[in-house]
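Breakdown of the fold
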Amino acid sequence: MRVATAQRLPVKPDELGFFRYTDIAGRKLLVNDVGEWMFLDEPDFKSLVAGTLPHDSPLRSGLVERGFLRDGLDLNALAERLGRKRGFIGLGPHLHVVITTLRCNQSCKYCHASRTDMDRVDTDMTLDTAKRIVDLAMQSNNPYLCFEYQGGEPTVRADIIKFIVEYSREKNRYENKLLDHSLVTNMTLMNEELGEWLLANNVLLCTSLDGPEELHNFNRGWVGGGSAYAHVRKWMEWFNRRYVELGRDPELWHVDALMTTTRKTFDHWKELIDLYVSLGLRNIHIRPLNPFGFANKTWRAIGYSMDEFMDFYMRCLDYILELNQQGVQIMEGTAATFLKKMLTPVDPNFVDIRSPVGAGTGQMAYNFDGRIFPNDEGRMVAAAGDPFFAIGDVRTSTWPELVNHPTVKAMATASFLDALPGCETCFNVPFCGVRPEHNYMLGGDLFGQRPNMPKCKQHMTISRHLFEKLAHDTDGRVESIFRRWTIQRPRLET
Ligand code: SF4
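Residues numbered from 1 in each chain as written. Predicted model: local features only at pLDDT ≥ 70, side-chain atom pairs only at ≥ 80, totals over all residues.

Remarks on the overall build of the protein chain
- Assigned secondary structure in the protein chain consists of 18 helices and 16 strands.
- Rg of the C-alpha trace for the protein chain: 24 Å, near the compact-globule value of 23 Å for 494 residues, within the 12% margin.
- Along the three orthogonal principal directions, the C-alpha set of the protein chain runs to about 75 × 50 × 50 Å.
- Counting across all 494 residues of the protein chain, residues that qualify as buried make up 39%.
- Look at the contacts in the protein chain between residues 6 or more apart in sequence, and 69% of them connect residues 24 or more apart. (Helix = DSSP H or I, 4+ residues; strand = E, 2+ residues; numbered from the N terminus. Rg over C-alpha atoms; globule rule 2.2 N^0.38 Å. Buried ≥ 20, exposed ≤ 12 C-beta atoms within 10 Å, placed from the backbone. Contact = placed C-beta atoms within 7 Å.)

Below, the structure is given as structure tokens:
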């Protein structure tokens, strides 16, 4: 990846707007800071940088409109577009992850440090801690807040969830924010009474579904509880039926599912996607394992390299695209995040893929014991014995102290792509995002080295693959599918 001041070409820098470029599908892809992009054939690219592109070239208007040429450039419009793309900066944390307990009745192969057995009531949150969390979170200047309940299994302490939902709504009578509540649950403790309460209170639901029965039960052990897979299916069907009975639009109201990839998933990739399709799920987020904190023996059983993961991911993505071309509507989550950045004028503000990363600036995580972290991964690092990312405690910290904490600033600096060596010249800067806590766990420092970062490999490969698809898309069919993946309808204002 190089910037457009290449040494071997005669360049007219005073005629060019600022952009980065790379080679994709035998053409040059130009990208600028506002996320505008354009393919040029090699001879046109050479003429552009040499300043010899004819004034009546049909390419000129597109180049000017996207800001690649200075002649005719509307700097104010460009600044406004940049403002929209980076609008999340200064909005403050919207995602508030609440760990109601570490207790869990499942023992998943990849859940190494974040769970305790069901008799460990000392890992439960108290109501006083829950109240202080709401009091802090509501001080975020973001007009939209989402409380996301995680664990352990968060419904072990359903009373904490109910308290936060009701107390935050009470406080919101004066704050007037847009409030969401989202529950990430394994469904093992679900019952109809709790289910009806969640429905009545518009709590968004997300469960774990790792694939077909054999794979799901292998990944997600449930000692003495029977088939975890059968249980998840039963409750997904129950909720989805109730949404319909309540007259909710099933496109907007349904149980979402998340999967985690283990080595065993590689053998079941097609069945996994077919299962999601058969359940009417519109989104499958193909996610790699967090690559740290595993004992060697466990990693040998379920782990893999990023190269192996990307090989699996590409097979999945191409199959999902093939299904879409047959009229099936399902999208892949990470690709959809990148496409929203590539094909729309806004950034989706997905806290894990943005620059700077959302740690402490887009999200906060509150541990059961009241300790606060800039994100959930920081909490997991602490659970593994290293409190490096702890930034405060609900009993003693003020909101300004949290958002101005040196660790939050360091993570923002370590993930601001425009200034990172190796990133600053990369075409992927407007779309990508890095993870300082991954760098810390893998290499001992927040910044990491680009060629050695698995996230760099993952995001570079995905972006290049998506652009390759667009480069070969002569009839616009792929782009129209990709554009559909960028559409986000709001569910409800609460
Ligand atoms: S992390 Fe890698 S892909 Fe992303 S901007 Fe940096 S160099 Fe490019």
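A short note on the site of the ligand
- Close to the ligand lie Leu417, Gly422, Cys423, Cys426, Asn428, Val429, Cys432, Val434, Arg450, Cys456, His459 and Met460.
- Counted by class, the shell around the ligand contains 8 nonpolar, 3 polar and 1 charged residues. (Near = placed C-beta within 6 Å. Nonpolar A, V, L, I, M, F, W, Y, C, P; charged D, E, K, R; others polar.)

Some remarks on the nonpolar core
- Counting 103 residues, the largest nonpolar core has Leu29, Leu30, Val98, Ile133, Ile164 and Tyr366 as its most contacted members.
- For this core, the leading source of residues is helix 8 (residues 228-245), giving 6 residues.
- In contact with Leu30, other than residues within four places in its own chain, are Phe19, Tyr21, Trp37, Met38, Leu40 and Phe68. (Core = buried A, V, L, I, M, F, W, Y, C linked by C-beta atoms within 7 Å.)

Remarks on the domain arrangement of the protein chain
- Domain annotation of the protein chain identifies domain 1 (2-85), domain 2 (95-334 + 355-371) and domain 3 (335-354 + 418-494).
- Distance between the C-alpha centres of domain 2 and domain 3: 22 Å.
- Among the elements of the structure, strand 8 (178-185), helix 11 (306-325), strand 13 (331-332) and helix 12 (333-343) are those that each provide at least two residues to the side of domain 2 that touches domain 3.
- Residue contributions to the side of domain 2 that touches domain 3 peak at 7 residues, all from helix 11. (Domains from an automatic or database assignment.)

Some remarks on the sheet that holds strand 9 (residues 204-208)
- Ordered in space as 11-9-8-7-5-14-15-16, the 8 strands form an open sheet in which the pairing is mixed. The open sheet has two edge strands, strand 11 (256-258) and strand 16 (392-393), and neither has a second partner.
- Here 6 bridges tie strand 7 (residues 144-150) to strand 8, and the two strands are oriented parallel to one another. Its bridge partner being in strand 8, Tyr144 is matched across the sheet by Leu178. (Pairing = 2+ DSSP bridges.)

Examining the packing of helix 9 (residues 269-278) against helix 11
- The N-to-C vectors of helix 9 and helix 11 enclose an angle of 40 degrees; their axes lie 10 Å apart at closest approach. Of the possible angle classes, the one that applies to helix 9 and helix 11 is oblique. Seen along the crossing, helix 9 lies across helix 11 with a hand that is right-handed. On helix 11, the residues that touch Trp269, Lys270, Ile273 and Val277 of helix 9 are Phe312, Arg315, Cys316, Tyr319, Ile320 and Leu323.
- Per-class residue counts for the contact of helix 9 with helix 11 are 8 nonpolar, no polar and 2 charged. (Axes fitted to C-alpha atoms, helices over the stretch in contact; angles between N-to-C directions. Parallel < 35°, antiparallel > 145°, perpendicular 65-115°, else oblique. Left-handed = near helix turned anticlockwise from the far one by under 90°.)

A closer look at helix 11
- Between its first and last C-alpha, helix 11 extends 28 Å over 20 residues, near the 28 Å set by a 1.5 Å rise per residue.
- For helix 11, every residue scored as buried is listed here: Phe309, Met310, Tyr313, Leu317 and Ile320. End-on view of helix 11: buried residues confined to an arc of 90 degrees, all on one side of the axis. Facing away from the buried side of helix 11, by more than 90 degrees, are the exposed residues Asp307, Asp318, Glu322 and Gln325. (Expected span 1.5 Å × (residues − 1). Arc of directions from axis to C-beta.)

Structural notes on the confidence of the model for the protein chain
- Per-residue confidence for the protein chain gives a mean pLDDT of 92, with 96% of residues at or over 70.
- Across residues 1-7 the pLDDT falls below 50, and counting only partners more than four positions away or on other chains, this stretch makes 17 contacts in the model. (pLDDT = per-residue confidence, 0-100.)

A closer look at helix 17 (residues 454-471)
- For helix 17, built from 18 residues, the straight-helix expectation of 26 Å at 1.5 Å per residue is met to within 8% by its first-to-last C-alpha distance of 26 Å.
- Those residues of helix 17 not exposed but buried are Lys455, Cys456, His459, Ile462, Ser463, Leu466, Phe467 and Leu470. Buried positions in helix 17, seen along its axis, are confined to an arc of 145 degrees and lie on one side of it.
- For helix 17, the secondary structure elements touched by its buried residues are strand 2 (20-24), strand 3 (27-31), helix 12, helix 16 (436-443) and helix 18 (477-485).

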